[in-house]
Amino acid sequence: MAQATFTAEDQKIESFRLLSGHTIPAIGLGTWRSGSQADNSVKIALLEGGYRHIDTAWEYGVQESVGHGVKAAIHAGVERRDLFITSKLWCTELSPERVRPALLNTLQQLQLEYLDLYLIHWPFRLADGASRPPKPGDVQEMDMEGVWREMEGLVKDKLVRDIGVCNFTLKKMNKLLGFAETMPSVCQMEMHPGWRNDKMLEACKQNGIHVTAYSPLGSQEGGRDLIHDETVDRIAKKLNKTPGQVLVKWAIQRGTSVVPKSNNPDRIKENIKVFGWELPQEDFQALCNIPDQFCFVAFFFLQKRVLHGEQLFVNKNAGPLRSVADVWDHED
Ligand code: NDP
Ligand code: 1BO
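Summary of the structure given here.

Rules used throughout
Residues numbered from 1 in each chain as written. Chains lettered and ligands numbered in written order. Predicted model: local features only at pLDDT ≥ 70, side-chain atom pairs only at ≥ 80, totals over all residues. Heavy atoms only, no water. Helix = DSSP H or I, 4+ residues; strand = E, 2+ residues; numbered from the N terminus. Rg over C-alpha atoms; globule rule 2.2 N^0.38 Å. Buried < 20%, exposed > 50% of the residue type's maximum accessible area, 1.4 Å probe, protein only. Pairing = 2+ DSSP bridges. Contact = heavy atoms within 4.5 Å. Axes fitted to C-alpha atoms, helices over the stretch in contact; angles between N-to-C directions. Salt bridge = Lys/Arg side-chain N within 4 Å of Asp/Glu carboxyl O. Near = heavy atom within 4 Å. Polar contact = N/O pair within 3.5 Å; in protein donor to acceptor, adjacent residues only side chain to side chain. Areas by Shrake-Rupley, 256 points an atom, 1.4 Å probe, with all protein chains shown as cover. Parallel < 35°, antiparallel > 145°, perpendicular 65-115°, else oblique. Nonpolar A, V, L, I, M, F, W, Y, C, P; charged D, E, K, R; others polar.

Next up on the list: the overall build of the protein. Counting its secondary structure elements, the protein contains 12 helices and 15 strands. Relative to its length of 332 residues, the protein is compact, with a C-alpha radius of gyration of 19 Å against a globular reference of 20 Å. Its C-alpha atoms give the protein principal-axis dimensions of about 55 × 50 × 35 Å. Counting only residues that meet the buried cut, the protein has 56% of its 332 residues in that class.

Here 8 strands make up an open sheet; going across it, the order is 4-5-6-7-10-11-12-13 and the pairing parallel. A single partner strand is all that each edge strand has here, and the edge strands are strand 4 (29–30) and strand 13 (257–258). Alignment of strand 11 (residues 186–190) against strand 12 (residues 210–214), held across 5 bridges, turns out to be parallel. Paired with cysteine 187 across the two strands is valine 211, which belongs to strand 12. Running over the sheet, helix 4 (residues 144–156) touches strand 6 (84–89), strand 7 (115–120) and strand 10 (160–166) and is turned about 155° from strand 10.

For the structure on display, the rule yields 23 salt bridges. The partner of arginine 161 in a salt bridge is aspartate 116, and the shortest N-O contact between them spans 3.7 Å. Here arginine 161, found in strand 10, pairs with aspartate 116, found in strand 7; they are 45 residues apart in sequence, far enough to count as distant. According to the relative accessible area criterion, arginine 161 is partly exposed, its value standing at 39%. The structure contains a network of salt bridges with shared partners spanning Glu145, Arg149, Glu152 and Glu181.

Taken together, Trp32, Tyr60, His121 and Leu307 are the residues near ligand 2. Side-chain polar atom of tyrosine 60 to an oxygen atom of ligand 2: 2.6 Å apart, as the coordinates give it. Contact between ligand 2 and histidine 121: an oxygen atom at 2.8 Å from a side-chain N or O atom of the residue. For ligand 2, the accessible surface in isolation is 220 Å², of which the surrounding protein chains cover 88%.

Time to look at the packing of helix 8 (residues 243–253) against helix 10 (residues 281–288). Direction vectors running N to C along helix 8 and helix 10 enclose 95°, while the axes themselves pass 11 Å from each other. When the axis of helix 8 is compared with that of helix 10, the two are roughly perpendicular. Contacts between helix 8 and helix 10 involve Val246, Trp250 and Gln253 on the former and, on the latter, Phe284, Leu287 and Cys288. Looking at the contact of helix 8 with helix 10 residue by residue, the class counts come to 5 nonpolar, 1 polar and no charged.

For the rest of this paragraph, the subject is the site of ligand 1. Around ligand 1 sit 29 residues in total, of which Asp55, Ser219, Gln220, Ser262 and Arg267 are the nearest. Take glutamine 188: an N or O atom from its side chain is 2.9 Å from a nitrogen atom of ligand 1. At a separation of 3.3 Å, an oxygen atom of ligand 1 approaches a polar backbone atom of proline 216. Expressed as a share of its isolated accessible area of 900 Å², the protein-covered part of ligand 1 is 88%. The dominant element in the shell around ligand 1, judged by the number of residues it contributes, is helix 9 (residues 265–271), at 3 residues. Its residues assigned to classes, the shell around ligand 1 shows 10 nonpolar, 14 polar and 5 charged.

Have a look at this one:
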């Protein structure tokens, strides 16, 4: 259940409580493909939009720029303790001895002393310099237990407040829960009306693990254009909201936090104006039932991931991942 907090601008922002007892603001700014504009986008989000949550990753190549934006906001009077900064451990660093150095490098790039949340970005280890798609040998065995112990060590040493995962399956989550001494507080997954992933959301809820929905608008180039979807547009017009706000609100009403990316000042400010109103049940339900995409291969309408990981992890001729189905443990 979301609870209300207030920023300095008195904008009511809901947040969710994590297993650790900490809270995560219901909406954060995504920074994938924000490029050198990340600095300005973060500043606008924090100082003009009332955001307190920023989602980034080493792999996005924008951490230094994000760090400048955060620093500027702190200089302008935003308290570090009111911020929630997430970053992610990249696949090349998924071996126990690389976890701490990777985190320290991320802290340095962001000019921070601690992170609020550190996530395993994808559950596959990649060799240094791995190509896309991977060559034979680029995707390697991952010591999940060893990596998680190191992540737990970062919490004990107060370098990060919470730890979690992204892009996990039920199978991988069950494996992790079998040895975790510190539970994953958050599981970050692709979720939007075109890929609801109800199964994973339900499993996380049953274990008390909070879910953050990524690509809530259907993602960027090559994604699913939900902003111009007929159902989304109809509901937005009816409620006098924008399609972006309807999609963000749908995610929050499902009980997930959400991290829409924008580099556009107006859209950054628009996307967070989702508090103090609700999607009526019939509209929430209509979004859950949005017509699926037609899949010409299966000759069927399907819920479909945008970020399936094929380019990153699949080598059809030399495993271990020979298909997208392998990436997702054949659970889709
Ligand atoms: P989103 O679903 O957030 O969509 C972003 C796109 O929508 C951009 O092209 C943006 O353009 C546009 N946009 C933003 N707001 C609006 C609006 N109100 N109206 C119309 N268009 C809008 O895509 P992402 O895939 O970037 O996902 C969001 C974030 O999730 C990422 O940035 C990243 O932080 C995280 N993520 C995490 C992953 C993981 O593996 N853990 C994977 C993918 C994403 P413009 O900038 O011009 O406004
Ligand atoms: C390759 C990184 C996907 C976005 O998190």
